[in-house]
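Overview (structure and organization)
Next come the chains, spelled out residue by residue.
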Amino acid sequence: MARWCYRHRLVVLVLWAGALFGLGFTATTAGTDYANVFSLPDTDSKRAYDLMEKAFPESSGDTDTVVWKVDEGTVRDEEVRSRIEPALARIGALDGVGEVTGPYAGERGAAQISRDGRIAYAQVTFTEQANAVPMELIEDVVDTAQAAQRDGLQVELGGQAIARTQEPPTGTAELVGIAAAAVVLFLAFGALFAMLLPIVVAVFGVGTGMLSTMLLSHATNVPDVAPLLGSLIGLGVGIDYALFIVTRHRRGILRGTKPEEAAVTALNTSGRAVLFAGGTVCIALAGMLVMNLRFLDGVVIATSLTVVFSVLAAVTLLPALLGLLGMRVLSRRQRHRLAHAGPEPEEANGLAARWSAYVQRRPRTIAALALAVMVVLSLPVLSIRLGATDQGNHQETQTTRQAYDLLAEGFGPGFNGPLQVVVDGAAPDTLVSRIESAEGVAQVAALPPANDVTVIQVVPTTSPQSEETDRLIDVLRDGVIPASGANAHVGGVTAVFKDFASVTGDRLPYFVTTIIALGFLLLLVAFRSLVVPLTAALMNLIAAAASFGVLVAIFQWGWGTELLGIGKEGPITAFLPVIMLSLLFGLSMDYQVFLVSRMHEEWVHTKDNARAVRVGLAETSRVINCAALIMICVFSAFVLSGDMEGAMAGIGLAAAVALDAFILRTALVPAAMHLLGKANWWLPAGLEKRLPHLAVEPREEEPAEEPDGPASVVHGFIRAADGEPVPEAAVTLLSRGGRQLDRVTSLADGSYIVAVPGPGTYLLAVTAATHPSRAGHVAVGEGPLVHDVELAEGEVDAVS
């Protein structure tokens with residue numbers, strides 16, 4: 001497939017461009033129909049919601065609020081009314097505004113003025129829901145209301161539609177993330193075209209995924225936060241997957257392979273790993289279905305679609321682009337060096353090799369330090385509180401936050417999140433009186449029955465996000481309502497999110513168990529080991545705890561929220577743990593696969609665990625760290641999304657990736673594998689026979705080596721640093737591609753002899769139980785080669 005895409009690159013490019021623009025035209029024409037349905041089956045808030053629908057079958061448009069406050073006098077003063085009333089009248093006359101209910105008309109209006117007379121509000125009801133209200137109309141409402149301001153008269157606006165005016169331009173977070181990723185890619189590749197490739201592939205993958213989600217919103221319930229989360233994960237994995245393939249492709253060209261063959265090889269090796277990694281991310285995302293929360297189904301659709309399209313773009317569009325660029329995927333300097341100095345051997349990064357050797361020498365110290373860091377960062381998670389964010393969490397400079405605070409000041413903290421006690425039938429007098437006498441209730445108002453349903457508005461004395469409001473909901477459900485004998489239920493946004501948090505907490509263990517079990521089975525089949533998948537599962541749990549600890553410290557405790565420009569602290573959004581855990585487990589699996597697959601390959605060839613872990617870390621840590629840095633840039637940029645849930649997910653995932661890549665995969669995992677030794681690769685013989693064979697990233701197929709001359713041998717002695725012979729040492733001869741050619745054990749005098757198919761360069765690896773390992777290249781000519789090996793402390797392998 002890679003070769004076909006490479007040779008028919010123009011066809012592939014036209015097909016992808018046609019798909020993107022075609023979906024774009026269709027989605028733009030059809031529009032979106034996102035639905036924020038947080039109600040849960042078999043919960044009290046869902047029963048209240050159903051009764052509310054029965055009472056008010058035709059829901060009106062979005063209702064927003066205009067709030068004003070005077071520094072002196074009262075809002076009833078003529079000079080205040082003469083500015084506010086004409087502004088409200090102009091707002092009511094705007095096309096698209098259904099009704100404006102002000103405080104200056106009748107007894108109902110008097111309730112919209114605070115007791116001290118300094119704060120009042122008016123309700124503006126649009127004819128459409130918030131997402132459908134034209135932006136020009138919302139801006140006209142804001143401008144008209146705020147034009148009434150003067151010294152001593154503050155006018156602010158709140159509500160879902162008004163909040164849209166404060167959102168940054170669509171795509172700001174994505175563009176900033178892409179720009180940051182471009183800088184990292186340019187530093188990694190040093191070539192403009194190579195830097196652009198992963199970005200172009202990610203844009204096509206995310207673009208088609210997001211446009212498909214827009215169309216699917218007409219067929220199923222997709223929440224409006226789903227596209228944001230989809231673009232967040234799609235950009236991260238799309239750029240990373242293309243990075244792995246482009247890195248392999250460039251490496252092949254630098255080693256002398258023609259561009260087409262290098263592309264085919266890169267797709268047949270790293271491309272396979274990308275397919276496997278994308279599959280693991282989708283499996284982790286699908287784990288959200290175990291929660292049986294219909295709200296999350298749309299999130300699964302959006303995120304999985306973007307991952308699938310990102311993988312498709314990486315394995316089809318990318319080889320076509322590689323064919324278009326040819327040698328220009330290298331920098332000008334690299335092309336010049338290749339033309340004049342010839343192909344270069346692959347060399348392990350110096351810093352990575354030194355760090356890998358250091359981890360091998362001090363595994364206990366590094367494991368203890370890394371574990372201590374993760375445990376400290378995990379401590380805040382013990383105080384995590386799930387709930388809902390609202391406009392009280394917006395930045396202090398925003399008009400929605402100012403309006404929220406003014407309403408809380410004038411009418412009490414609970415005014416911004418009233419509860420609805422919904423009664424099936426007429427409400428008994430005892431119910432209203434019992435609610436009024438309940439601790440934590442500020443105000444109660446029973447509305448006239450509608451369609452045999454009575455709604456009682458209950459304003460708590462505390463804010464919607466406080467724990468006291470949660471306790472009031474429990475008091476109403478468990479004490480007040482049963483004591484009155486009424487068939488009533490407690491609803492409202494605060495109650496819905498409380499139920500959501502409760503259900504999430506109850507089902508989270510099943511969800512975590514499911515995705516850990518699936519990840520364990522995948523790694524078990526891939527690496528033929530019980531310990532490696534167990535280690536990966538444990539590391540995933542540690543990473544999750546630490547990343548949620550960071551999330552709690554920032555968003556719940558408020559450490560740096562204003563500095564980051566993300567508003568006021570509050571509870572962690574109820575559905576976020578499920579989404580973040582899915583993404584985190586999927587991404588962690590990617591890094592584990594790329595790291596351990598190289599270790600496993602070395603273990604298969606040498607059966608030396610220390611060497612396998614050291615070489616695997618030295619050769620993969622650079623690309624893993626580069627990929628992680630790109631994801632951190634992309635995720636962190638979503639602080640600019642203007643959406644609190646998006647900012648939470650972005651910072652949480654950025655922290656998770658940073659901790660996973662730079663502490664777990666670079667330090668704790670290799671240190672633990674050094675300490676575990678050969679036990680890493682233990683698998684019962686009975687299980688070995690039953691498991692299917694799966695190659696995650698097979699090495700390139702080597703052509704049969706034709707000897708340039710007669711077969712020969714390499715022989716010599718294995719000695720220690722003091723010159724003493726080393727018996728029972730395993731001596732392995734490998735081809736340059738890593739294929740084992742011969743394996744012997746040294747005799748009592750340290751002598752050995754291995755067979756060589758013909759002249760050429762080979763890798764000779766020596767391992768002994770009581771001495772350090774050693775590996776290096778040997779160049780064999782026409783005759784036998786004498787090659788003595790000294791196993792000395794502190795030596796660094798020459799690994800190619």
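Every chain is numbered independently, its residues counted from 1 as its sequence is written. Side-chain atom pairs in this predicted model are given and counted only at pLDDT of 80 or more, local residue features only at pLDDT of at least 70, and totals for whole chains, interfaces and linings cover all residues. The side-chain values count all of the structure's non-hydrogen atoms but skip hydrogen atoms and water molecules.

With that settled, consider the overall build of the chain. Under the DSSP-based scheme used, a helix requires at least four consecutive residues in state H or I and a strand at least two consecutive residues in state E, with every element numbered from the N terminus. Looking only at helices and strands, one finds 25 helices and 18 strands in the chain. Considered along the principal axes of its C-alpha atoms, the chain spans approximately 110 × 55 × 45 Å. The buried share of the chain, reckoned over its 800 residues, is 55%. Intrachain contacts of the chain at a sequence separation of at least 6 include 77% that bridge at least 24 residues. Accessible surface, the chain: about 34,000 Å² in total, of which carbon and sulfur atoms supply 57%. Within the chain, one finds 56 positive and 80 negative side-chain charges whose respective centroids are separated by 9 Å. Burial classes follow relative accessibility: with a 1.4 Å probe on protein chains only, a residue under 20% of its type's maximum area counts as buried, one over 50% as exposed, and anything between as partly exposed. We call two residues in contact whenever any of their non-hydrogen atoms come within 4.5 Å of each other. Areas reported here follow the Shrake-Rupley algorithm with a probe of radius 1.4 Å; residue values treat only the protein chains shown as occluding. For the purpose of charge, His is not counted, nor are the chain termini; Lys and Arg are scored as positive and Asp and Glu as negative. For this purpose, a charge sits on NZ of Lys, CZ of Arg, CG of Asp or CD of Glu.

What follows is about the packing of helix H22 (residues 576–606) against helix H24 (residues 644–676). Closest axis-to-axis distance for the H22/H24 pair is 10 Å, and the angle between their directions is 30°. Judged by the angle between their axes, H22 and H24 are roughly parallel. In this structure, H22 meets H24 at a crossing whose hand is right-handed. Taken together, the residues of the contact of H22 with H24 break down into 17 nonpolar, three polar and three charged. Note on method: axes are straight lines fitted to C-alpha atoms, helices fitted across the in-contact stretch only, with angles between N-to-C directions ranging 0 to 180 degrees. Angle categories are assigned with fixed cut-offs, so that under 35 degrees is roughly parallel, over 145 is roughly antiparallel, 65 to 115 is roughly perpendicular, and the rest are oblique. In this scheme the crossing of two helices becomes right-handed for a clockwise turn of the near helix relative to the far one and left-handed for an anticlockwise turn of less than a right angle. Residue polarity follows a fixed list, in which Ala, Val, Leu, Ile, Met, Phe, Trp, Tyr, Cys and Pro are nonpolar, Asp, Glu, Lys and Arg are charged, and the others, Gly among them, are polar.

Right, let's get into the pairing of strand S8 (residues 453–460). Most of S8 is tucked away: seven of the eight residues are buried. Pairing between two strands requires that DSSP report at least two bridges joining them. Two strands pair when backbone bridges link them, and strand S7 (residues 441–446) and S8 are joined in this way by five bridges, in the antiparallel orientation. Residue pairing for S8: Val 441 is matched across the bridge by Pro 460. Where S7 folds back onto S8 in an antiparallel hairpin, the turn is made up of six residues, including Asn 451, whose phi is positive at roughly 55°.

So, about the sheet that holds strand S4 (residues 153–158). The strand order S2-S3-S1-S4 describes an open sheet built from four strands, whose pairing is antiparallel. Two strands bound the open sheet, and with one partner strand each, they are strand S2 (97–101) and S4. Geometrically, the sheet is characterised by an average inter-axis angle of 20° between neighbouring strands, direction not taken into account. With four bridges joining them, S2 and strand S3 (residues 119–126) adopt antiparallel strand pairing. Bridged to Val 97 within S3 is Phe 126. On the sheet, helix H4 (residues 78–92) packs against strand S1 (63–70), S2, S3 and S4 and is oriented at approximately 160° with respect to S2. Relative to S4, helix H6 (residues 135–146) is tilted by about 160°, and along the sheet it contacts S1, S2, S3 and S4.

Here we come to the pattern of salt bridges. We define a salt bridge as a contact between a side-chain nitrogen of Lys or Arg and a carboxyl oxygen of Asp or Glu at a distance within 4 Å. Applying the stated criterion to the full structure yields 15 salt bridges. We note a salt bridge from Lys 46 to Asp 50, for which the minimum N-O separation is 2.8 Å. Here the residue Lys 46 and the residue Asp 50 both occupy positions in helix H3 (residues 44–55), the gap between them amounting to four residues, near one helical turn. Asp 50 gets classed as partly exposed once you look at its relative accessible area, which sits at 35%. We note a salt bridge from Lys 498 to Asp 474, for which the minimum N-O separation is 3.3 Å.

Right, let's get into helix H20 (residues 531–556). Expected span, for any helix, means 1.5 Å times one less than how many residues it has. Along its 26 residues, H20 runs 36 Å from first to last C-alpha, staying within 8% of the 38 Å computed at 1.5 Å per residue. In terms of burial, H20 is largely enclosed, as 22 of its 26 residues are buried. Looking one or two places after H20, you find Gly 558, whose phi comes out positive at around 85°.

Attention now moves to helix H15 (residues 363–378). If you check H15, its first and last C-alpha atoms are 22 Å apart, about what 16 residues at 1.5 Å a residue would give, namely 22 Å. Buried within H15 we find Pro 363, Ile 366, Ala 367, Ala 370, Met 374 and Ser 378. Along the long axis of H15, the arc covered by the buried residues comes to 105°, so they all point the same way. More than 90 degrees from the buried face of H15, the exposed residues found are Arg 364, Leu 369 and Val 376. Directions are taken from the helix axis to each C-beta atom, and the arc is the one they span.

This part takes up empty space enclosed by the protein. Empty space left among the atoms is revealed by rolling a probe the size of a water molecule over them. Put simply, the grid is 1 Å and covers the protein atoms alone, a cavity is a trapped set of points that fit a 1.4 Å probe, a pocket is an open set with protein on both sides within 12 Å along at least five of seven lines, and lining residues have an atom within 4 Å of a point. Grid points are joined across faces, edges and corners, and a volume is the space filled by probe spheres set on the points. A full pass over the atoms with the stated rule returns five cavities of 30 Å³ or more. For the largest cavity, the calculated volume is near 80 Å³. In this structure, the largest cavity is lined by Thr 280, Ile 283, Ala 284, Ile 515, Leu 518, Gly 519, Leu 522, Phe 585, Gly 586 and Met 589. Where the lining of the largest cavity is concerned, the elements lending two or more residues are helix H11 (259–286), helix H19 (493–527) and H22. Classifying every residue of the lining of the largest cavity by side-chain character gives seven nonpolar, three polar and no charged. Here the second largest cavity defines a volume of roughly 60 Å³. In terms of lining residues, the second largest cavity is bounded by Ile 515, Ile 516, Gly 519, Phe 520, Leu 523, Pro 533, Ala 536, Ala 537, Asn 540, Phe 585 and Met 589. Elements with a minimum of two residues in the lining of the second largest cavity: H19, H20 and H22. Looking at side-chain class alone, the lining of the second largest cavity contains nine nonpolar, two polar and no charged residues.

The next point concerns a nonpolar patch on the surface. Together, Phe 186, Leu 192, Phe 193, Leu 196 and Val 200 give the surface a local cluster of nonpolar side chains, amounting to about 400 Å² of exposed area. Residue contributions to the nonpolar patch peak at four residues, all from helix H9 (residues 192–216). Structurally, the position occupied by Phe 193 is in helix H9. Patch definition: residues with relative accessible area over 30% and no salt bridge; like charges joined within 9 Å; nonpolar side chains (Val, Leu, Ile, Met, Phe, Trp, Tyr) joined within 5 Å.

Below, the discussion takes up the nonpolar core. With 167 residues, the main nonpolar core has Met 288, Leu 296, Phe 555, Ile 630 and Phe 635 as its most contacted residues. Sorting elements by how many residues they give to this core places H24 first, with 20 residues. Apart from residues no more than four positions distant in its own chain, Leu 296 is found in contact with Met 288, Met 291, Phe 575, Val 578 and Ile 579. We call a set of buried Ala, Val, Leu, Ile, Met, Phe, Trp, Tyr and Cys residues a nonpolar core when their side-chain atoms join them within 4.5 Å. One finds Ala 87, Phe 126, Ala 130 and Ile 162 within the second-largest nonpolar core, a separate group that totals 29 residues.

A word on the sheet that holds strand S15 (residues 760–768). On the basis of which strands lie adjacent, the open sheet formed by four strands has the order S13-S12-S15-S16 and antiparallel pairing. Each of the sheet's edge strands pairs with one partner strand only, and the pair in question is strand S13 (740–745) and strand S16 (771–780). Neighbour-to-neighbour, the strand axes of this sheet turn through a mean angle of 15°, independent of strand direction. Note: strand S12 (residues 730–734) against S13, five bridges, orientation antiparallel. If you follow Val 731 over to S13, its bridge partner there is Val 744.

Two rings belonging to Phe, Tyr or Trp (six-membered ring only in the last case) form a pair when the distance between their centres is within 6.5 Å. Interplanar angles under 30 degrees mark stacking, angles over 60 mark edge-to-face geometry, and anything in between is tilted. Scanning the model with the defined rule gives eight aromatic pairs in all. Over the ring of Phe 193 we find Arg 328; its NZ or CZ atom is 5.7 Å from the centre of that ring. Remark: a charge is flagged as sitting over a ring if the NZ atom of Lys or the CZ atom of Arg is within 6 Å of the ring centre and within 35 degrees of the ring normal. Here the basic side chain of Arg 719 rests over the ring of Phe 717, its NZ or CZ set 4.7 Å away from the ring centre.

The relative placement of two packed helices comes down to the angle between their axes together with the axis-to-axis distance. Two elements in contact, helix H10 (residues 226–254) and H22, have axes separated by 12 Å at closest approach and are oriented at 5°. Relative to H22, the element H10 is oriented roughly parallel. The segment H10 lies against H22, with Leu 229, Ile 233, Val 237, Asp 240, Tyr 241 and Phe 244 engaging Ile 579, Leu 583, Leu 587, Asp 590, Tyr 591 and Phe 594. Per-class residue counts for the contact of H10 with H22 are 10 nonpolar, no polar and two charged.

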